[in-house]
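# Notes for the structure review
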Amino acid sequence: MMLKLLRFISRLLVGATFIFSGFVKAVDPVGGSIKFHDYFQAFNMDWLMSLTMPASVALASLEFIIGVLLVFNIFPKIATRLSFYFLLFFTILTLGLAIFNPVTDCGCFGDAIKLTNWETFWKNIVILAFASLLFFSKQTLNSPCSLSLQRVFTFLMVVYILGISIYSFKHLPLLDFRPYSIGSNISAGMTIPEDAPQPQYKTTFILKKDGVQKEFNENNYPYEDTTWVFVDSKTELISEGYTPPIHDFVLQHPERGDITDQLLNMKEPLWLVVSPKTSAISEEQALELAQLNATAGEDNIPFFVVTASTMDEAQNFNEAFKTNFDFLQGDETNLKTIIRSNPGLLLLQNGTVTGKWHYNDLPAPSELTHPLSMTLKQLQAKKSRNLLLGHLFLIVLVALIILKSRKTINKNQ
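Let us look at the structure shown here. (Residues numbered from 1 in each chain as written. Predicted model: local features only at pLDDT ≥ 70, side-chain atom pairs only at ≥ 80, totals over all residues. Heavy atoms only, no water.)

## Considerations on the overall build of the protein
- When helices and strands are counted, the protein shows twelve helices and ten strands.
- In the protein, the proportion of contacts linking residues at least 24 apart, taken out of those at least 6 apart, comes to 72%.
- Carbon and sulfur atoms make up 60% of the accessible area of the protein, which totals about 22,200 Å². (Helix = DSSP H or I, 4+ residues; strand = E, 2+ residues; numbered from the N terminus. Contact = heavy atoms within 4.5 Å. Areas by Shrake-Rupley, 256 points an atom, 1.4 Å probe, with all protein chains shown as cover.)

In structure tokens:
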């Protein structure tokens, strides 16, 4: 009886971990693609770069499916094998990441929860222990549902998670865990509290005396013995201290220099088109953005295009598409973090993100007349509707599975 209860708890724990991990990746497939890019680059596998997006969607979907199969006891033997081998592989991988640290953030929970490589490794060890219990007792696991119902359930779950990934790729993530989500204040995200822990360093001094080299630290340094000759020193980071959620948001104007504070303190609305590389903007998108730029100019609303491209590339862009954009420069990695779209549109007021648009959902020029009211009404309604419909589908499906399972159990009794 105790072993049966432990298997039940293990199934729920392992399943819930997989569901959470897969779901937070599925709502941000572009972020997963960026993480795969980092991995392929770190392991010198540049020939796989074209597969970063398919790999991101596939990994998120696989994790989510394994999780729901375990939780709802669907194809339990298959799900148990998959979870065990999956965890075994990634436990070995994260051990290597923890030792050699080629990628500082494993991305196992996307942007929802940040873990160090060592934290991820120990997390995997714990979950692997529960998965091992299920794996070595998999022959005792049976689903109460019929084979046809299990197939239908699995198919619908695949459609569900793929639908979330595809929607989030073609629009914006359904859930935004980054520090630039709607309602976030960028200035506040850059602030370091007064009582925040500071980075700690350990400095070692290498001195030489009578042909012998010796290492000293601040505590035993021979300050009074001048016969020691300085050779070298090395500084090691012991503790990183507090890092603010936003630490690399800088907007450089080609003539006015750093105007970050000036723009973040503006009380009136501010439009920012975010494009890490201007070469990714198509002619159709450029013309659409040009119309928005013209409308914003008529209402005296500042409108900038922020890019990591050079100013020469920006000037060539204006000449090629006959546009008149005012360009700013920013860090490419940070721009990819701000919005999962190239180009993407951002609306700021007093440093607060009040609206974000994918290039597939750019507002009509006429809607820019009252940007704040339009933002609140349109974005929040659409986001709430999509979340409600998507998860309503999941709740109804789960209810049907439970009802059907009860009927199957009753028939067998």
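## A closer look at the pattern of salt bridges
- Taken as a whole and judged by the stated rule, the model has ten salt bridges.
- Here Asp176 ties to Arg178 by a salt bridge, and the two come within 3.0 Å at their closest N and O atoms. As far as burial versus exposure is concerned, Asp176 and Arg178 are alike and both buried.
- Between Glu332 and Lys336 there is a salt bridge, and its shortest N-O distance comes to 3.4 Å. Highlighted residues: Glu332 and Lys336, both in helix 11 (residues 332–338), separated by four residues, approximately one helical turn.
- Taking relative accessible area as the criterion, Glu332 reaches 28% and is therefore assigned partly exposed. (Salt bridge = Lys/Arg side-chain N within 4 Å of Asp/Glu carboxyl O. Buried < 20%, exposed > 50% of the residue type's maximum accessible area, 1.4 Å probe, protein only.)

## Let's talk about the nonpolar core
- In this structure, Val14, Phe23, Phe64, Leu87, Met157 and Ile164 are the most contacted members of the largest nonpolar core, which totals 37 residues.
- At the level of elements, helix 1 (2–26), helix 2 (29–42), helix 3 (52–71), helix 4 (76–100), helix 5 (117–135) and helix 6 (147–170) are the ones that each hand at least two residues to this core.
- At nine residues, helix 3 tops the list of elements feeding residues into this core.
- Beyond its immediate stretch of four places on either side in the chain, Val14 contacts Leu70, Ser83, Leu87, Ile127, Phe130, Ala131 and Leu134.
- Of all hydrophobic cores here, the second largest spans 22 residues; its members include Leu263, Phe304, Val306 and Ile339. (Core = buried A, V, L, I, M, F, W, Y, C linked by side-chain atoms within 4.5 Å.)

## A short note on the environment of Ser341
- Inspection of the secondary structure assignment puts Ser341 in the loop between helix 11 and strand 9 (344–349).
- Judged by its relative accessible area of 7%, Ser341 is buried.
- Put simply, Ser341 and Leu172 are 169 residues apart on the chain and 7.4 Å apart in space, counted from C-alpha to C-alpha.
- Leaving out residues up to four positions away in the same chain, Ser341 has contacts with Leu172, Val274, His358 and Tyr359.
- At 2.5 Å, the side chain of Ser341 and the backbone oxygen of Pro343 are in polar contact. (Polar contact = N/O pair within 3.5 Å; in protein donor to acceptor, adjacent residues only side chain to side chain.)

## Describing the environment of Ala364
- Structurally, Ala364 is set in the loop between strand 10 (352–358) and helix 12 (371–412).
- For Ala364 and Leu292, which are 72 residues apart along the polypeptide, the C-alpha to C-alpha distance reads 7.6 Å.

## Considering the packing of aromatic side chains
- Summed over the entire model, instances satisfying the criterion amount to 26 aromatic pairs.
- With a centroid separation of 5.2 Å and 75° between ring planes, the pair formed by Phe205 and Tyr221 is classed as edge-to-face. With a gap of 16 residues between them, Phe205 in strand 1 (residues 200–209) and Tyr221 in the loop between strand 2 (212–216) and strand 3 (229–239) connect regions that are remote in the sequence.
- For Lys138, the ring lying beneath its charged end belongs to Phe135, and the centroid distance is 3.9 Å. (Phe/Tyr/Trp six-rings, centres within 6.5 Å; stacked < 30°, edge-to-face > 60°. Lys NZ or Arg CZ within 6 Å of the ring centre and 35° of its normal.)

## Here we look at the packing of helix 1 against helix 5
- Running from amino to carboxyl end, helix 1 crosses helix 5 at an angle of 130°, the nearest separation of the two axes being 9 Å. Regarding the angle of helix 1 to helix 5, the classification is oblique. Handedness of the helix 1/helix 5 crossing: left-handed. Judged by residue contacts, Leu3, Leu6, Arg7, Ser10, Arg11, Leu13, Val14 and Thr17 of helix 1 engage Ile127, Phe130, Ala131, Leu133 and Leu134 from helix 5.
- Residue composition of the contact of helix 1 with helix 5, by class: nine nonpolar, two polar and two charged. (Axes fitted to C-alpha atoms, helices over the stretch in contact; angles between N-to-C directions. Parallel < 35°, antiparallel > 145°, perpendicular 65-115°, else oblique. Left-handed = near helix turned anticlockwise from the far one by under 90°. Nonpolar A, V, L, I, M, F, W, Y, C, P; charged D, E, K, R; others polar.)

## What to know about helix 3
- Along its 20 residues, helix 3 runs 29 Å from first to last C-alpha, staying within 8% of the 28 Å computed at 1.5 Å per residue.
- The element helix 3 is largely enclosed, with a buried count of 15 among its 20 residues.
- One or two steps after helix 3, the chain reaches Asn73, where phi turns positive at roughly 55°. (Expected span 1.5 Å × (residues − 1).)

## Digging into the sheet that holds strand 3
- Taken in spatial order, the three strands line up as 2-1-3 in an open sheet, and their pairing is antiparallel. Bordering the open sheet on either side are strand 2 and strand 3, each of which pairs with just one other strand. Pairs of neighbouring strands in the sheet enclose a mean axial angle of 20°, with direction left out of account.
- As judged from the five bridges shared by strand 1 and strand 2, these two strands associate in the antiparallel manner. Along strand 2, the bridge assignment pairs Lys209 with Val212. (Pairing = 2+ DSSP bridges.)

## What about empty space enclosed by the protein?
- According to the stated counting rule, one finds two cavities of 30 Å³ or more in the structure shown.
- Put simply, the second largest cavity is a space of about 30 Å³.
- If you go around the second largest cavity, the residues you meet are Phe249, Leu251, Leu272, Val274, Val306, Leu335, Ile338 and Leu346.
- At the level of elements, strand 6 (270–275) and helix 11 are the ones that each hand at least two residues to the lining of the second largest cavity.
- Per-class residue counts for the lining of the second largest cavity are eight nonpolar, no polar and no charged. (1 Å grid on protein atoms, 1.4 Å probe; cavity = no way out; pocket = protein on both sides within 12 Å on 5 of 7 lines; lining within 4 Å. Points joined across faces, edges and corners; volume = space filled by probe spheres on them.)

## Quick look at the pairing of strand 8 (residues 326–329)
- Here strand 7 (residues 303–307) pairs with strand 8 via four bridges, running parallel. Each residue of the ladder has a partner; that of Thr307, found in strand 8, is Gln329.
- For the crossover that starts at strand 7, traverses helix 10 (residues 311–321) and ends in the parallel strand 8, the hand is right-handed. (Right-handed = clockwise from strand over helix to strand, strands pointing away.)

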